[in-house]
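Okay, here's what each chain looks like letter by letter:
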Amino acid sequence: MSDTYARRAAELDRADGLGVHRKKFVLDEGVYLDGNSLGALPAHVPARMADVLAREWGELRIRSWDESGWWTAPERIGDRIAPLVGAAPGRIVVGDSTSVNVFKAVVAAARLAGEGRDEILVDATTFPTDGYIAASAARLTGHRIVPLDPAEMAAAAGPRTALALVNHVDYRTGRLQDLPGLTAALHAAGALAVWDLCHSAGALPVGLDEHGVDLAVGCTYKYLNGGPGSPAYLYVAERHQAAFDSPLPGWNSHADPFGMTPGYQAADGALRGRVGTPDILSTLALESALDVWDGVAIEDVRAKSLALTDFFLECVEAYVPAGRVVSVTPEAHGERGSQVALRCAEAPAVMAELIRRGVVGDLRRPDILRFGFTPLYVGFADAERAARVLAEVLADVPAHLPPAQV
Ligand SMILES: *Cc1c(COP(=O)(O)O)cnc(C)c1O
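Because the structure is predicted, anything quoted here is derived from the model rather than measured.

(A) Region of interest: the sheet that holds strand β3 (residues 119-123). Taken together, the 7 strands give an open sheet; going across it, the order is β2-β8-β7-β6-β5-β3-β4, and neighbouring strands pair in mixed fashion. Two strands lie at the open edges of the sheet, namely β2 (92-94) and β4 (144-148), each paired on one side alone. Mean inter-strand twist for the sheet, computed between neighbouring axes without regard to direction, equals 20°. By the bridge criterion, 4 bridges tie strand β7 (residues 215-218) to strand β8 (residues 233-236) in an arrangement that is antiparallel. Among the inter-strand pairings, A216 is bridged to a residue of β8, identified as Y235.

(B) The UniProt feature "modified residue: N6-(pyridoxal phosphate)lysine" (unreviewed entry) in the protein, seen in detail. Residues annotated in UniProt with the feature "modified residue: N6-(pyridoxal phosphate)lysine" (unreviewed entry) correspond here to K222. Looking at the element boundaries, K222 is found in the loop between β7 and β8. When residues no more than four places from it in sequence are discounted, the contact partners of K222 are G35, N36, S37, G39, C198 and H199.

(C) View of the site of the ligand. Surrounding the ligand, one finds S97, T98, S99, F127, T129, D130, N167, D196, C198, H199, Y221 and K222. One of the side-chain N or O atoms of K222 is found 2.6 Å from an oxygen atom in the ligand. Coverage of the ligand by the protein chains reaches 87% of its 390 Å² of free accessible surface. At the level of elements, α5 (98-113) and α6 (128-141) are the ones that each hand at least two residues to the shell around the ligand. In terms of residue class, the shell around the ligand is built from 3 nonpolar, 6 polar and 3 charged.

(D) Examining the pattern of salt bridges more closely. Per the stated rule, a full pass over the model turns up 29 salt bridges. Among the ionic pairs, R91 bridges to E238, the shortest N-O distance being 3.0 Å. Of this pair, R91 sits in the loop between α4 (73-81) and β2 while E238 sits in helix α9 (residues 238-241); the two residues are 147 residues apart in sequence, bridging distant segments of the chain. For R91, a relative accessible area of 15% puts it in the buried group. You can call E238 exposed: its relative accessible area is 53%. Ionic contacts of the salt-bridge type, sharing partners, join the residues R48, D51, R55 and E56 into one network.

(E) Highlighting the layout of surface pockets. Of the pockets and cavities examined, the largest pocket occupies roughly 240 Å³. Taken together, 14 residues form the lining of the largest pocket, with L313, V316, E317, V325 and S327 sitting closest to its centre. If you list the elements that add at least two residues to the lining of the largest pocket, you get α11 (298-319) and β9 (326-327). If one sorts the elements of the lining of the largest pocket by residue count, α11 sits on top with 4 residues. When its residues are assigned to classes, the lining of the largest pocket shows 8 nonpolar, 2 polar and 4 charged.

Criteria and cut-off values
Residues numbered from 1 in each chain as written. Predicted model: local features only at pLDDT ≥ 70, side-chain atom pairs only at ≥ 80, totals over all residues. Heavy atoms only, no water. Pairing = 2+ DSSP bridges. Helix = DSSP H or I, 4+ residues; strand = E, 2+ residues; numbered from the N terminus. Axes fitted to C-alpha atoms, helices over the stretch in contact; angles between N-to-C directions. UniProt positions renumbered as here; feature names shortened; annotations may be inferred. Contact = heavy atoms within 4.5 Å. Near = heavy atom within 4 Å. Polar contact = N/O pair within 3.5 Å; in protein donor to acceptor, adjacent residues only side chain to side chain. Areas by Shrake-Rupley, 256 points an atom, 1.4 Å probe, with all protein chains shown as cover. Nonpolar A, V, L, I, M, F, W, Y, C, P; charged D, E, K, R; others polar. Salt bridge = Lys/Arg side-chain N within 4 Å of Asp/Glu carboxyl O. Buried < 20%, exposed > 50% of the residue type's maximum accessible area, 1.4 Å probe, protein only. 1 Å grid on protein atoms, 1.4 Å probe; cavity = no way out; pocket = protein on both sides within 12 Å on 5 of 7 lines; lining within 4 Å. Points joined across faces, edges and corners; volume = space filled by probe spheres on them.

Structural data, given as structure tokens:
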């Protein structure tokens, strides 16, 4: 049986137009299905960083802020991320962590929403940091948090809703939320839509401008391969830029930063989202890493991502005895991100053993096995092998018996 799937995997890999990109990354003989947590290293980045360290910092020192383009890196790199998430130039600025950008976006959106709107809807299954930060932002601004399933938000939004903060793809289940529909429903209620793109940017088309998203944030170390802790980004729709009032108005977002004046005056455009001196080493590693997207259409990435997750699910169904794992990732393509999450009673032991056998996914406690599919460097043979090794591991890890039977 595994022959059939292995043969199909080989055929699919031969026909895969994105397969050529795999050699751009540093990989080993294992199967890496954790690019939704930390993207692999693009092979050309170390040489670029050696130059940044030795020449730009070592030799040019302070001159690099101008001569090497350090000062303008946050907006320059924002413009490189923009096409991947469907934004025009001038709407994205890179810097700080996603957590910090969630804070900027939630407070700024609450201010944009105006008086009388005292509720912030938050994705009840959100990645925790978004929820923690939104709760603190709400305390500062005098708003009330309303935790909701994103599917209930459209109906719940009303005259008291200031904004909704939603994860585009659920980090645990891999469910893709309806960004166009929910954004439109929030607007119909007079509220703003703030989207967290951590698990969608670089994996599927987002269409920020097209769908009228108000504000968005996302990280760059997952599907964008920027490196551990690489800076996040903030998107501000053009229509909000003039009124965007950052709760962290650092000197980097001043209209004349080197005027060093006591009064704050915001710069124009997305760079209002800047705060202080950018983390240049990480920022430039990210910029270099983005080279792998040259000539890549995000629609092709999406098509391959769906084909990979379909094929992986099919292999799991064929190889794994019924009942040992249950997929919690939606079947429908329109509701699926770029990962497969399998519920498994023995998940901790199974993931540890999978990693030991060269198939790297991750565990979300208590019982979720998470497999991320990054189409630029994961192929169909990887998907088949991961499912096969999973079945082997499950054969070796005894099924958990309910206490009555022990
Ligand atoms: C990965 C992720 C984060 C991470 O936030 P950091 O500030 O970079 O630690 C935040 N939100 C979501 C939805 C994520 O998936």
